[in-house]
Amino acid sequence: MDFEVIYPKIKKTSLAMLRVRTVFGLLFLAAAVVCPIVNIVLRGKAWSVIVLWALYMVWTLVLQTPLVERNLISQGVRLSVMTAILLVLIDRLLAPGWAAFVVPIVAYAALIVLAILFFVNVSKQRHNVMPLVIVTLAAAIGSAVALFAFSETSWPMIVLASTAAVLLIATVLTLRTRLLSEIVKRFHLR
């Protein structure tokens, strides 16, 4: 019996990329140590938390290539979620009061871009739909909670809720049984 290997071959990282990752890793590690110390000595607002999150974002999105779900939609979902977290951190730690208006705008803009990436080539991207479905479902639930439980009725929140709902409906109508198959595979239900 012969087995056919269907996984892509792992490419060896070039020596130049290893050097770049090493240099940036050392610089990021130094910044991760120095920034909190400077923040504690100066006794100001906790700006070092934002710097640490931004360093983590750059490392995760640019310098570290994921082994699983290495595609444009998954990377877009990671970028969207990390950007929203960064904006909330800036709001809570440095300049409060604007995140409830701005984060939904960034979120629905990201959903629109991710939906375009998905629907432009559905046949190729149907295997990459689960991160998009999960983040869309989270956006729909989060905006519904903000609208009904916290009475946060700004127009960006309403647009986020409607964009997420329309995207979920369009994804279900487009994929139908294939979406169910992807859910079963994703959560190992069989």
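Structural data are supplied above this passage.
Residues numbered from 1 in each chain as written. Predicted model: local features only at pLDDT ≥ 70, side-chain atom pairs only at ≥ 80, totals over all residues. Heavy atoms only, no water.

A. Main features of the overall build of the protein. What the protein contains, in helices and strands, is 8 helices and 0 strands. Helices and strands appear in the protein in the N-to-C order α-α-α-α-α-α-α-α. C-alpha extents for the protein along the principal axes are approximately 65 × 55 × 30 Å. The buried share of the protein, taken over its 190 residues, is 31%. Separation of charge centres in the protein, based on 17 positive and 6 negative side chains, amounts to 7 Å. (Helix = DSSP H or I, 4+ residues; strand = E, 2+ residues; numbered from the N terminus. Buried < 20%, exposed > 50% of the residue type's maximum accessible area, 1.4 Å probe, protein only. Lys, Arg positive; Asp, Glu negative; His and termini not counted. Charge placed at Lys NZ, Arg CZ, Asp CG, Glu CD.)

B. Representation of helix H2 (residues 47-63) within the structure. Between its first and last C-alpha, H2 extends 23 Å over 17 residues, near the 24 Å set by a 1.5 Å rise per residue. Among the residues making up H2, those that are buried are Ser 48, Ile 50, Leu 55, Met 57, Thr 60, Leu 61 and Leu 63. Looking at the packing, one finds that the buried side of H2 touches helix H1 (15-42) and helix H3 (72-93). (Expected span 1.5 Å × (residues − 1). Contact = heavy atoms within 4.5 Å.)

C. Seen up close, the environment of Leu 94. Within the secondary structure, Leu 94 is located in the loop between H3 and helix H4 (99-120). Given the relative accessible area of 32%, Leu 94 is considered partly exposed. For the pair formed by Leu 94 and Ile 50, sequence separation is 44 residues and the distance between their alpha carbons is 9.1 Å. In this structure Leu 94 touches Lys 45, Trp 47, Ile 50 and Leu 89, once residues within four positions along its chain are discounted.

D. Summary view of the side chain of Asn 39. With respect to the helices and strands, Asn 39 occurs in helix H1. Not counting residues within four places of it along the chain, the set of residues in contact with Asn 39 comprises Gly 44, Lys 45, Ala 46, Trp 47 and Ser 48.

E. Region of interest: unusual backbone geometry. Backbone geometry at Arg 43 places phi at a positive 55°, although glycine is not the residue there. By the secondary structure assignment, Arg 43 is in the loop between H1 and H2. On the basis of relative accessible area, Arg 43 is assigned to the exposed category, the value being 75%. The phi dihedral of Arg 176 falls on the positive side, at around 50°, and the residue is not glycine. By the element assignment, Arg 176 lies in the loop between helix H7 (155-175) and helix H8 (177-186). Residue classification places Arg 176 among the exposed residues on the basis of a relative accessible area of 60%.

F. Structural view of the packing of aromatic side chains. What the rule picks out here adds up to 5 aromatic pairs. Where Phe 118 meets Phe 119, the ring centres are 4.9 Å apart and the plane angle is 70°; that geometry is what we call edge-to-face. Through a chain of ring-to-ring contacts, three or more aromatic side chains come together here, namely Phe 24, Phe 28 and Trp 59. (Phe/Tyr/Trp six-rings, centres within 6.5 Å; stacked < 30°, edge-to-face > 60°.)

G. Here's a closer look at the packing of H4 against H7. Where H4 contacts H7, the axes come no closer than 8 Å and their chain directions differ by 20°. Accordingly, the angle class assigned to the pair H4 and H7 is roughly parallel. Seen from above, H4 lies across H7 with left-handed handedness. On the side of H4, the interface is formed by Ala 100, Phe 101, Pro 104, Ile 105, Ala 107, Tyr 108, Leu 111, Ile 112, Ala 115, Phe 118 and Phe 119, while H7 contributes Trp 155, Pro 156, Met 157, Val 159, Leu 160, Thr 163, Ala 164, Leu 167, Ala 170, Thr 171, Thr 174 and Leu 175. (Axes fitted to C-alpha atoms, helices over the stretch in contact; angles between N-to-C directions. Parallel < 35°, antiparallel > 145°, perpendicular 65-115°, else oblique. Left-handed = near helix turned anticlockwise from the far one by under 90°.)

H. Inspection of a nonpolar patch on the surface at higher detail. There is a patch of nonpolar side chains on the surface, built from Leu 29, Val 33, Val 34, Ile 37, Val 38, Val 41 and Leu 42 and spanning about 650 Å² of accessible area. As for its position among the elements, Ile 37 is in helix H1. (Patch = residues over 30% accessible without salt bridge, like charges linked within 9 Å, V, L, I, M, F, W, Y side chains within 5 Å. Areas by Shrake-Rupley, 256 points an atom, 1.4 Å probe, with all protein chains shown as cover. Salt bridge = Lys/Arg side-chain N within 4 Å of Asp/Glu carboxyl O.)

Read these as layout, nothing more, since geometry by itself doesn't imply function.
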